[in-house]
Amino acid sequence: MTILVTGGAGFIGGNFVLDWLAQSDEKIVNLDSLTYAGNLDTLRSLDGDARHVFVHGDIADGALVASLLAEHQPRAVLNFAAESHVDRSIHGPAAFIQTNIVGTFNLLEAVRAYWNGLDAAAQAAFRLLHVSTDEVYGSLDAEAPAFTEQHRYEPNSPYSASKAASDHLVRAYHHTYGLPVLTTNCSNNYGPYHFPEKLIPLVIHNALAGKALPIYGDGQQIRDWLYVKDHCSAIRRVLDAGRLGETYNVGGWNEKANLDVVHTLCAILDELQPRADAQSYRTQITFVKDRPGHDKRYAIDAGKLERELGWKPAETFETGIRKTVQWYLDHQGWVQNVTSGNYRNWVEQQYA
Ligand code: NAD
Ligand code: DAU
């Protein structure tokens with residue numbers, strides 16, 4: 001059997017592909033357009049592995065997706081492909097509309113046509129799993145309960161609005177056409193192969209490079225962190241046993257203020273790779289202009305996933321963040337590779 005994964009050269013998709021093939025021999029066709037965030041270096045260990053077929057292409061290319069579906073006859077499609085960085089969506093929303101909305105729509109159309117042509121047993125077994133985010137729910141006040149699946153959609157950035165639109169399309173394809181879909185809405189991920197434009201890998205990278213550690217505003221915004229491999233296990237569980245047409249929140253019950261996250265990273269780096277001058281990496285912290293429309297707090301209630309499907313994260317924030325820092329110390333070559341070229345231009349523009 002085969003699954004089709006989109007965006008499998010990115011952070012979460014890449015971790016998912018590696019994780020999947022570490023525990024299964026089921027083939028993966030990996031469709032990725034290799035934007036600045038797509039990195040084949042992440043998948044280097046799969047070179048020559050017949051279980052992984054990489055296809056360079058766009059989810060918005062309906063003819064390409066249709067031909068891949070016809071050729072490989074996957075039993076499931078998992079959609080990780082997206083523009084994913086909030087700050088980039090503020091500077092240039094068009095790419096987010098194109099991939100997250102038009103791309104998802106074209107993917108749905110191709111999958112619908114393929115699914116319609118399957119026999120009854122294959123139709124019943126087929127799944128389209130759409131990977132989404134907690135940001136579609138908007139921002140929480142300090143005392144408000146965590147987001148459940150019933151929380152209304154209130155996206156605040158072009159990124160989250162485009163993800164919300166894609167979630168609605170996926171929902172509509174189930175309701176209208178009966179397409180067997182599942183949606184996951186996950187909180188902030190961290191872990192290996194995370195592109196260093198996002199807070200945690202950016203801070204680790206800048207700390208080691210002797211650069212400023214930029215904190216937006218007062219650093220009191222709260223995010224709910226989940227180790228990426230726990231996100232992968234949740235997706236596998238939802239794919240196996242999720243109820244059709246349902247959405248599942250995924251999170252690790254790890255709410256942290258940004259400044260506390262950065263302090264934790266500095267403390268681990270101080271221990272594992274002390275600065276030559278014996279000063280703390282904390283001295284590199286710099287408060288910079290806030291993100292426009294910055295969401296104050298995200299918090300995920302993952303109770304439904306735990307109650308219905310028995311999923312729980314394996315890592316606490318403390319164990320996961322230590323593993324992550326150690327991974328970056330051990331994989332400086334991977335970081336160097338991504339920090340060349342396009343990434344550097346972006347950083348210069350964002351932090352000018
Ligand atoms: P990422 O930016 O690291 O990777 C995205 C991947 O998609 C890249 O490999 C890129 O080349 C590919 N891609 C982009 N446009 C494409 C297109 N048109 N066609 C084919 N491939 C395309 O993103 P990520 O952090 O791995 O996020 C993956 C998914 O998970 C996204 O849908 C995102 O919204 C969602 N998500 C992310 C987080 C997080 O904390 N990173 C949390 C919850 C949900
Ligand atoms: O909640 C899930 C979302 O998490 C995903 O849907 C997104 O794809 C993913 O990028 C992430 O979005 P955030 O905006 O929360 O992540 P980011 O790492 O960009 O920022 C985390 C917090 O840190 C946020 O409050 C902004 C702040 N920040 C970020 C950067 C890059 C800083 O203070 N300084 C920075 O330089």
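Quick caveat: nothing in here was measured; it's all calculated off a predicted structure.

**Re the overall build of the chain**
Thought 1: In terms of regular secondary structure, the chain is built from 13 helices and 12 strands.
Thought 2: When its C-alpha atoms are laid out on the principal axes, the chain stretches across 65 × 50 × 40 Å.
Thought 3: Every one of the 352 residues in the chain was classed for burial, and the buried ones make up 54%.
Thought 4: Taking as baseline every contact in the chain between residues at least 6 positions apart, the subset at least 24 positions apart corresponds to 81%.
Thought 5: On the chain, roughly 14,400 Å² of surface is accessible, and the fraction owed to carbon and sulfur atoms is 51%.

**Digging into the sheet that holds strand β5 (residues 127–133)**
Thought 1: Ordered in space as β3-β2-β1-β4-β5-β6-β10, the 7 strands form an open sheet in which the pairing is parallel. Looking at strand neighbours, the two that pair on one side only are β3 (52–56) and β10 (247–250), the edges of this open sheet. Strand-to-strand twist in this sheet, taken as the mean axis angle between neighbours without regard to direction, amounts to 20 degrees.
Thought 2: Bridge count for strand β6 (residues 181–186) against β10 is 4 bridges, and the pairing is parallel. In the sheet register, N185 faces β10, and the bridge partner there is N249.
Thought 3: Contacts from helix α2 (residues 62–72) reach β1 (2–6), β2 (27–32), β3 and β4 (76–79) within the one sheet, and its direction differs from that of β2 by about 175 degrees.

**Some remarks on the site of ligand 1**
Thought 1: Residues in close proximity to ligand 1 total 28 residues, the closest being I12, D32, S84, Y159 and K163.
Thought 2: Contact distances for ligand 1 include 3.0 Å between a nitrogen atom and a side-chain N or O atom of T99.
Thought 3: Protein contact buries 96% of the 840 Å² of open area that ligand 1 shows by itself.
Thought 4: Of all the secondary-structure elements, those providing two or more residues to the shell around ligand 1 are α1 (11–23), β5, α6 (158–177) and β7 (188–190).
Thought 5: For the shell around ligand 1, the element with the highest residue contribution is β5, accounting for 3 residues.
Thought 6: Looking at the shell around ligand 1, its residues break down into 12 nonpolar, 13 polar and 3 charged.

**Quick notes on the sheet that holds strand β9 (residues 222–227)**
Thought 1: With mixed pairing, 3 strands are arranged side by side in an open sheet as β7-β9-β11. Bordering the open sheet on either side are β7 and β11 (255–257), each of which pairs with just one other strand. Between one strand and the next, the sheet's axes are offset by a mean angle of 50 degrees, whatever the strand orientation.
Thought 2: Across 3 bridges, the pairing between β7 and β9 is parallel. Across the sheet, N188 pairs through a bridge with W225, a residue of β9.
Thought 3: Across the sheet, helix α8 (residues 228–241) is in contact with β7 and β9; its angle to β9 comes to roughly 70 degrees.

**Here's the deal with the site of ligand 2**
Thought 1: With respect to spatial proximity, 24 residues lie near ligand 2, and among them D134, Y159, N188, R291 and H294 are the closest.
Thought 2: Within the side chain of E135, a nitrogen or oxygen atom sits 2.8 Å from an oxygen atom of ligand 2.
Thought 3: When the free accessible area of ligand 2 is taken as 690 Å², the share hidden by the protein chains comes to 95%.
Thought 4: For the shell around ligand 2, the secondary structure elements donating two or more residues are α7 (199–208) and β8 (213–216).

**Quick word on the environment of S166**
Thought 1: Turning to its location among the elements, S166 is positioned in helix α6.
Thought 2: Looking at S166, the relative accessible area reads 1%, which means it is buried.
Thought 3: For the pair S166 and A120, spaced 46 residues apart in the sequence, the C-alpha separation amounts to 27 Å.
Thought 4: There is a polar contact of 3.0 Å between the side chain of S166 and the side chain of H130.

**Let's talk about the pattern of salt bridges**
Thought 1: Evaluation of the coordinates by the stated rule reveals 21 salt bridges.
Thought 2: One salt bridge connects R297 with E255, and the closest N-O pair in it is separated by 2.7 Å. Of this pair, R297 sits in the loop between β12 (285–288) and α10 (303–309) while E255 sits in strand β11, and the two are 42 residues apart along the sequence.
Thought 3: In this structure, K312 engages E306 in a salt bridge whose closest nitrogen and oxygen atoms are separated by 3.8 Å.
Thought 4: Residue class for E306 comes out partly exposed when judged on its relative accessible area of 33%.
Thought 5: Linked through salt bridges whose partners overlap, the residues forming this network are R243, E246, K304 and E308.

Scoring rules and cut-offs
- Residues numbered from 1 in each chain as written.
- Chains lettered and ligands numbered in written order.
- Predicted model: local features only at pLDDT ≥ 70, side-chain atom pairs only at ≥ 80, totals over all residues.
- Heavy atoms only, no water.
- Helix = DSSP H or I, 4+ residues; strand = E, 2+ residues; numbered from the N terminus.
- Buried < 20%, exposed > 50% of the residue type's maximum accessible area, 1.4 Å probe, protein only.
- Contact = heavy atoms within 4.5 Å.
- Areas by Shrake-Rupley, 256 points an atom, 1.4 Å probe, with all protein chains shown as cover.
- Pairing = 2+ DSSP bridges.
- Axes fitted to C-alpha atoms, helices over the stretch in contact; angles between N-to-C directions.
- Near = heavy atom within 4 Å.
- Polar contact = N/O pair within 3.5 Å; in protein donor to acceptor, adjacent residues only side chain to side chain.
- Nonpolar A, V, L, I, M, F, W, Y, C, P; charged D, E, K, R; others polar.
- Salt bridge = Lys/Arg side-chain N within 4 Å of Asp/Glu carboxyl O.

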